[in-house]
Amino acid sequence: MGGVPGVPPADAAAGLARFNEAPFATAEAALLECCGSLRWAHRMAAHRPFPDLASLLAASDEAGYDLAPRDIAEALAAEPAPCLHHDAPRAAHLALQAAHAAYESRFGHSFVICLDTCPPSQAVDQVLAGIRVRLAHEVDEERAVTADELRRLARSRLVELVTEGW
C-alpha cells in the first residue's frame with residue numbers, strides 16, 4: 001500500500017477497499033463532499049479502483065489540475081466559509097465576517113483555505129492572516145492560490161473519507 005505521511009496504512013486500506021467497492025452514485029456523492037465540482041467527483045468515481053491512498057491522492061491532484069474555471073466556480077460555491085465556534089468572542093466573529101466580505105467583494109467568491117495542519121486554537125488567526133495576505137494578490141494570482149487550496153482541501157477530505165468515513 002502506498003504510504004501517505006501521518007496516515008497508518010492499515011487505517012486507509014479498509015476504508016479505501018470499501019470506497020472502491022461502493023456503488024458509483026454513492027462514491028460520487030461522497031466525493032462531492034470532498035470537492036464540490038461534479039466533474040471532479042465523476043472523474044474520481046469513474047477511475048476506481050485505486051490500489052492505495054497515494055494513488056487516490058495523486059488522481060485527486062490530477063483531476064484538480066484539470067478543472068475548468070466553471071468547475072472551480074462550482075466547487076467554490078459548495079465550500080462553506082471558514083467560521084468560528086459560536087462561543088467565540090463577538091469581536092472575532094465580526095472581524096471574520098468583515099474579512100470574508102472584503103475578500104468576496106474583491107474576488108467574487110468565498111475565501112477557501114486548508115487548515116488541516118493548523119491547531120484549532122490558531123484557525124481564526126490563520127484565516128484572518130490568509131485573507132489579509134491574499135487580498136493583496138492580483139486576480140490571476142489569487143485564482144491559482146484558490147485552486148491550490150481547493151486541491152489541498154480535497155486531499156485532506158479524501159484522507160478523512162477513507163480513514164474515518166467508510
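Residues numbered from 1 in each chain as written. Predicted model: local features only at pLDDT ≥ 70, side-chain atom pairs only at ≥ 80, totals over all residues. Heavy atoms only, no water.

You'll find the protein entered in an unreviewed UniProt entry as 2-oxo-4-hydroxy-4-carboxy-5-ureidoimidazoline decarboxylase, with Streptomyces microflavus given as the organism. In its Pathway (unreviewed entry) section, the UniProt record describing the protein reads: "Purine metabolism; urate degradation; (S)-allantoin from urate: step 3/3." (UniProt positions renumbered as here; feature names shortened; annotations may be inferred.)

Caption draft 1: Looking closely at the pattern of salt bridges. The final tally for this structure, using the stated rule, is 9 salt bridges. Between Arg152 and Glu149 there is a salt bridge, and its shortest N-O distance comes to 3.0 Å. Here Arg152 and its partner Glu149 are both found in helix H8 (residues 139-165), 3 residues apart, which amounts to about one turn of the helix. Several salt bridges share partner residues, and in doing so they unite Arg43, Glu62 and Asp66 into one network. (Salt bridge = Lys/Arg side-chain N within 4 Å of Asp/Glu carboxyl O. Helix = DSSP H or I, 4+ residues; strand = E, 2+ residues; numbered from the N terminus.)

Caption draft 2: Here's a closer look at the layout of surface pockets. Taken as a whole, the second largest pocket encloses approximately 200 Å³ of empty space. Looking at the second largest pocket, it is lined by 13 residues, and the ones nearest its centre are Ile113, Cys114, Leu115, Leu153 and Arg157. Tallied by class, the residues present in the lining of the second largest pocket amount to 9 nonpolar, 1 polar and 3 charged. Formed jointly, the lining of the second largest pocket draws a minimum of three residues from each of two domains, domain 1 (9-71 + 153-162) and domain 2 (79-148). (1 Å grid on protein atoms, 1.4 Å probe; cavity = no way out; pocket = protein on both sides within 12 Å on 5 of 7 lines; lining within 4 Å. Points joined across faces, edges and corners; volume = space filled by probe spheres on them. Nonpolar A, V, L, I, M, F, W, Y, C, P; charged D, E, K, R; others polar. Domains from an automatic or database assignment.)

Caption draft 3: Local environment of the side chain of His137. Tracing the backbone shows His137 in the loop between helix H7 (123-135) and H8. A relative accessible area of 12% means that His137 is categorised as buried. Look past the residues within four positions of His137 in its chain and what remains in contact with it is Arg106, Phe107, Glu142 and Val145. (Buried < 20%, exposed > 50% of the residue type's maximum accessible area, 1.4 Å probe, protein only. Contact = heavy atoms within 4.5 Å.)

Caption draft 4: Region of the structure containing helix H6 (residues 90-107). Taking 1.5 Å of rise per residue, the 18 residues of H6 would be expected to cover 26 Å, and the 26 Å separating its terminal C-alpha atoms lies within 8% of that figure. For H6, the elements touching its buried residues are H7 and H8. One or two residues past the end of H6 sits Gly108, with phi positive at roughly 80°. (Expected span 1.5 Å × (residues − 1).)

Caption draft 5: Representation of the UniProt feature "domain: Oxo-4-hydroxy-4-carboxy-5-ureidoimidazoline decarboxylase" (unreviewed entry) in the protein within the structure. Here the UniProt-annotated "domain: Oxo-4-hydroxy-4-carboxy-5-ureidoimidazoline decarboxylase" (unreviewed entry) positions come out as residues 20-80 and 89-158. Span residues 20-80 is 70% helix and 0% strand, its end C-alpha atoms 27 Å apart. For residues 89-158, helix accounts for 73% and strand for 0%, while the C-alpha atoms at its two ends are 32 Å apart.

Caption draft 6: Structural view of the environment of Ser55. Within the secondary structure, Ser55 sits in helix H4 (residues 53-65). Residues Ser55 and Glu138, spaced 83 residues apart in sequence, show a C-alpha to C-alpha distance of 34 Å.

Caption draft 7: Local environment of empty space enclosed by the protein. Evaluated as defined, the whole model comprises 1 cavity of 30 Å³ or more. If you add up the space inside the largest cavity, you get close to 70 Å³. Cys35, Trp40, Ser60, Gly64, Leu67, Ile72, Ala147, Leu150, Arg151 and Ala154 are the residues that line the largest cavity. Elements with a minimum of two residues in the lining of the largest cavity: H4 and H8. Ranked by residue count, the leading element in the lining of the largest cavity is H8, at 4 residues.

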